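Residues per chain, in single letters:
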Amino acid sequence: MRSKDENKEKLILSKALDMIVEQGLSGLKMSNLAKEVGIAIGTIYIYFKDKEELINALYVFLLNQEASQTLPIVEASLPLQEKLEKICFQYLKHSLAYPANAIFYEQYIRSPYYSNNQNIQALEEALFQPFFQVIQQGQQQGLIKPLDIELLISMVCGSLEALAKHFIQHSNNLIVTGK
C-alpha cells in the first residue's frame, strides 16, 4: 500500500472545495476531481474510501482550520465582552478571507452527509465547546440574553456571514482591520 502525502491530501481537499463551490455537492465527481488534481482516480481512493468520506474530511479540515484561528481568542485572558467582540470579528474576518468555505458549509449542513453523521456532529460540538462556554458566561453575566445557545450561534453566525457576503459583493478592495 502506498503511503499518504499530506500535501497531496490537502490539494485533493482544496480542489474538491473549489469544485463543490462551482458545481455543488452532488456535482462533485471523483473522476473529475482526479483530473483536476492531476492524479489517477485510484490515488484519490488511497486517501478517501469514497465521496462521502472525502466530503466529511473536507468539513472536518475546514472546521479545524477555523477553530485553530479562533480558539486562541477564546482562551485569551481578556474581559468577556472584549472576547465576544474579538470572536465575532475573527469570524467575520475568516468569512471574508474564505468565502468558499461559507458556501460549502451552507450546502454541507443541509445535506445527509451532515444530518446522518453523529460522529461529525459530536466532533463539531467538542471542537466548539469553548465557544459555548463563552456564551454561557455571557448569559450568566447578563451580556447575552438567556436563549438557546445553538440558536444564538446560528443567529450571530448567520448575520456575520450575510455581512461578509454583502462586503464581498459590494467591495473589491475591502480592508478589515482589528482593534
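Please refer to the structure placed before this passage.
Residues numbered from 1 in each chain as written. Predicted model: local features only at pLDDT ≥ 70, side-chain atom pairs only at ≥ 80, totals over all residues. Heavy atoms only, no water.

## Considering the overall build of the protein
Here is step 1 of the chain: When helices and strands are counted, the protein shows 10 helices and zero strands.
Here is step 2 of the chain: In the protein, the succession of α and β elements from N to C terminus is α-α-α-α-α-α-α-α-α-α.
Here is step 3 of the chain: Judged by the C-alpha coordinates and their principal axes, the protein covers about 55 × 40 × 30 Å.
Here is step 4 of the chain: The buried share of the protein, taken over its 179 residues, is 38%.
Here is step 5 of the chain: Contacts spanning at least 24 positions in sequence make up 66% of the contacts within the protein whose residues lie at least 6 apart.
Here is step 6 of the chain: Total accessible area on the protein stands at roughly 10,700 Å², and carbon and sulfur atoms take up 53% of it.
Here is step 7 of the chain: Across the protein, the centroid of the 16 positively charged side chains sits 4 Å from that of the 19 negatively charged ones. (Helix = DSSP H or I, 4+ residues; strand = E, 2+ residues; numbered from the N terminus. Buried < 20%, exposed > 50% of the residue type's maximum accessible area, 1.4 Å probe, protein only. Contact = heavy atoms within 4.5 Å. Areas by Shrake-Rupley, 256 points an atom, 1.4 Å probe, with all protein chains shown as cover. Lys, Arg positive; Asp, Glu negative; His and termini not counted. Charge placed at Lys NZ, Arg CZ, Asp CG, Glu CD.)

## Quick word on the layout of surface pockets
Here is step 1 of the chain: Computed from the structure, the largest pocket encloses a volume of approximately 1,300 Å³.
Here is step 2 of the chain: Lining the largest pocket are 36 residues, and of these Tyr91, Glu150, Ile153, Ser154 and Cys157 lie nearest its centre.
Here is step 3 of the chain: For the lining of the largest pocket, the elements supplying multiple residues, two or more each, are helix H4 (51-75), helix H5 (80-97), helix H6 (99-109), helix H8 (118-127), helix H9 (129-140) and helix H10 (149-170).
Here is step 4 of the chain: In terms of residue count, the dominant contributor to the lining of the largest pocket is H10 (11 residues). (1 Å grid on protein atoms, 1.4 Å probe; cavity = no way out; pocket = protein on both sides within 12 Å on 5 of 7 lines; lining within 4 Å. Points joined across faces, edges and corners; volume = space filled by probe spheres on them.)

## Digging into the nonpolar core
Here is step 1 of the chain: Counting 45 residues, the largest nonpolar core has Ile12, Leu33, Ile44, Leu54, Ile55 and Phe104 as the members making the most contacts within it.
Here is step 2 of the chain: The element best represented in this core is H4, accounting for 10 residues.
Here is step 3 of the chain: Core analysis: the second largest hydrophobic core is formed by six residues, Leu92, Leu96, Leu160 and Ala164 among them. (Core = buried A, V, L, I, M, F, W, Y, C linked by side-chain atoms within 4.5 Å.)

## Regarding the environment of Leu11
Here is step 1 of the chain: Among the structural elements, Leu11 can be located in helix H1 (residues 6-23).
Here is step 2 of the chain: A residue is classified by how much of its surface remains accessible, and Leu11, at 36% relative accessible area, is partly exposed.
Here is step 3 of the chain: Taking the C-alpha atoms as reference points, Leu11 and Glu22, separated by 11 residues in sequence, lie 17 Å from one another.

## Let's talk about the packing of aromatic side chains
Here is step 1 of the chain: Applying the stated criterion across every chain, the model contains eight aromatic pairs.
Here is step 2 of the chain: Between Tyr59 and Phe104, the ring centres sit 6.5 Å apart and the planes meet at 50°, which makes this aromatic pair tilted. Of the two residues, Tyr59 is situated in helix H4 and Phe104 in helix H6; the sequence distance between them amounts to 45 residues.
Here is step 3 of the chain: Judged by relative accessible area, Tyr59 falls into the buried class, the value being 3%.
Here is step 4 of the chain: Given a relative accessible area of 0%, Phe104 falls into the buried group.
Here is step 5 of the chain: Aromatic pair Tyr59 and Tyr114: ring centres 6.0 Å apart, planes at 70°, arrangement edge-to-face. Residue Tyr59 is found in helix H4, and its partner Tyr114 is found in helix H7 (residues 112-115); the two are separated by 55 residues along the sequence. (Phe/Tyr/Trp six-rings, centres within 6.5 Å; stacked < 30°, edge-to-face > 60°.)

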